[in-house]
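# Coordinate analysis (summary)
As a plain string of letters, each chain reads:
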Amino acid sequence: MSLHFTDEEFLEAWKELDKPQLEGGWEFFTETMGVKIYRLYDKVHETGLYEYKVVGVLATCTPELCADVYMDLPYRKHWDGYVKELHEKDYDGRSAIYWEVKYPFPLSNRDYVYVRERRDIDVDGRKIWVVLAKSSPQSPLPEKSGVQRVNDYKQTVAMESDGASGTKVFMNYFDNPGGNIPTWLVNWAAKSGVPAFLTDMQKACGNYSNYCQKNKK
């Protein structure tokens, strides 16, 4: 049984593969590189930020491969150029992930301490892969000097076959980077960063078997 996520959270995640739930103020934001992005203004915490939902297709890799690549932290350090540091370890007997992200000068890097869980779900014959992640501020990892800790982060990823040789992807995420982030950078990250990440991930899927052979996974 999961210590971090409920069965209901996994259920809600895969349901949005069929049709994203956009009631309650969600608005269409942009479509780029075959990826549709919707956003919802954060009225609850009045951060001035948005929560996002992303729908797209990775045309050249299977959902199982996508899930394996997404979960492989050492491999991500090879293909994600924004990773400064990334590893999973036990903190007081509970596993959590530490992730430091490179930000452009003169902004400080951001880092995260978070937990995640993957489930491979069979729904009436449909095979769906779901990964949930969220901040774990209770994990006792000291903050680094000069790096801004992100304590408000959540992400949902659901994947299934697109009916051909690719993967249909749904993502839902909110990220409060803290500090004084220029609006242009926040907008760039939403409009360009997520589609670019999915493009990079598709390339990473294509190179994964070679990586595994070299590293004898």
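Here the structure is a predicted model, which is why all the values come from computation and not from measurement. (Residues numbered from 1 in each chain as written. Predicted model: local features only at pLDDT ≥ 70, side-chain atom pairs only at ≥ 80, totals over all residues. Heavy atoms only, no water.)

### Overview of the pairing of strand S10 (residues 167–175)
S10 sits mainly inside the fold: seven of its nine residues count as buried. Where strand S3 (residues 50–58) meets S10, seven bridges bridge the pair, whose relative direction is antiparallel. When the bridges of S10 are listed, Val55 appears paired with Phe170. Summarising the sheet, strand S9 (residues 153–161) and S10 pair through nine bridges and their orientation is antiparallel. (Buried < 20%, exposed > 50% of the residue type's maximum accessible area, 1.4 Å probe, protein only. Helix = DSSP H or I, 4+ residues; strand = E, 2+ residues; numbered from the N terminus. Pairing = 2+ DSSP bridges.)

### Re the nonpolar core
It is characteristic of soluble globular proteins that their nonpolar side chains tend to be buried jointly. Counting 30 residues, the largest nonpolar core has Val54 and Val69 as its most contacted members. With ten residues, helix H4 (residues 183–215) is the largest single contributor of residues to this core. (Core = buried A, V, L, I, M, F, W, Y, C linked by side-chain atoms within 4.5 Å.)

### Let's talk about the packing of helix H2 (residues 63–71) against H4
Two elements in contact, H2 and H4, have axes separated by 10 Å at closest approach and are oriented at 100 degrees. For the element pair H2 / H4, the angle class is roughly perpendicular. The residues of H4 that touch H2, namely those facing Leu65, Cys66, Asp68, Val69 and Tyr70, are Phe197, Met201, Ala204, Cys205 and Tyr208. When the residues that make up the contact of H2 with H4 are grouped by side-chain class, the tally is nine nonpolar, no polar and one charged. (Axes fitted to C-alpha atoms, helices over the stretch in contact; angles between N-to-C directions. Parallel < 35°, antiparallel > 145°, perpendicular 65-115°, else oblique. Contact = heavy atoms within 4.5 Å. Nonpolar A, V, L, I, M, F, W, Y, C, P; charged D, E, K, R; others polar.)

### Here's the deal with helix H1 (residues 7–15)
Turning to H1, its buried residues number three or more, namely Phe10, Ala13 and Trp14. One side of H1 carries all its buried residues, which in axial view fall inside an arc of 85 degrees. On the buried face of H1, the contacting elements are strand S6 (110–123), strand S7 (126–135), S9 and S10. (Arc of directions from axis to C-beta.)

### Remarks on a nonpolar patch on the surface
Side chains of Tyr82, Trp184 and Trp188 sit close together on the surface and give an oily, nonpolar patch of about 400 Å² of accessible area. Mapped onto the elements, Trp188 comes out in helix H4. Take Trp188: its relative accessible area is 38%, and that puts it in the partly exposed class. (Patch = residues over 30% accessible without salt bridge, like charges linked within 9 Å, V, L, I, M, F, W, Y side chains within 5 Å. Areas by Shrake-Rupley, 256 points an atom, 1.4 Å probe, with all protein chains shown as cover. Salt bridge = Lys/Arg side-chain N within 4 Å of Asp/Glu carboxyl O.)

### Here we look at the environment of Lys43
Among the secondary structure elements, Lys43 is positioned in the loop between strand S2 (35–41) and S3. Among the residues examined, Lys43 registers a relative accessible area of 67% and is labelled exposed. Residues Lys43 and Ala133, 90 residues apart in the sequence, show an inter-C-alpha distance of 22 Å.

### Focus: unusual backbone geometry
What you tend to see is this: most non-glycine residues have negative phi, and most peptide bonds are trans. Here Phe105 and Pro106 are connected by a cis peptide whose omega angle stands at 10 degrees. Within the fold, Pro106 resides in the loop between strand S5 (94–101) and S6. Despite not being glycine, Asp124 has its phi angle at roughly 50 degrees, a positive value.

### Brief notes about the pairing of S9
Of all nine residues making up S9, seven are buried, and the element is well covered by its neighbours. Of the pairings in the sheet, the one linking S7 to S9 comprises six bridges and is antiparallel in character. The partner of Lys134 across the bridge, within S9, is Lys154. Between S9 and S10, which pair antiparallel one after the other, the connecting turn spans five residues, and Gly163 there sits at a positive phi close to 95 degrees.

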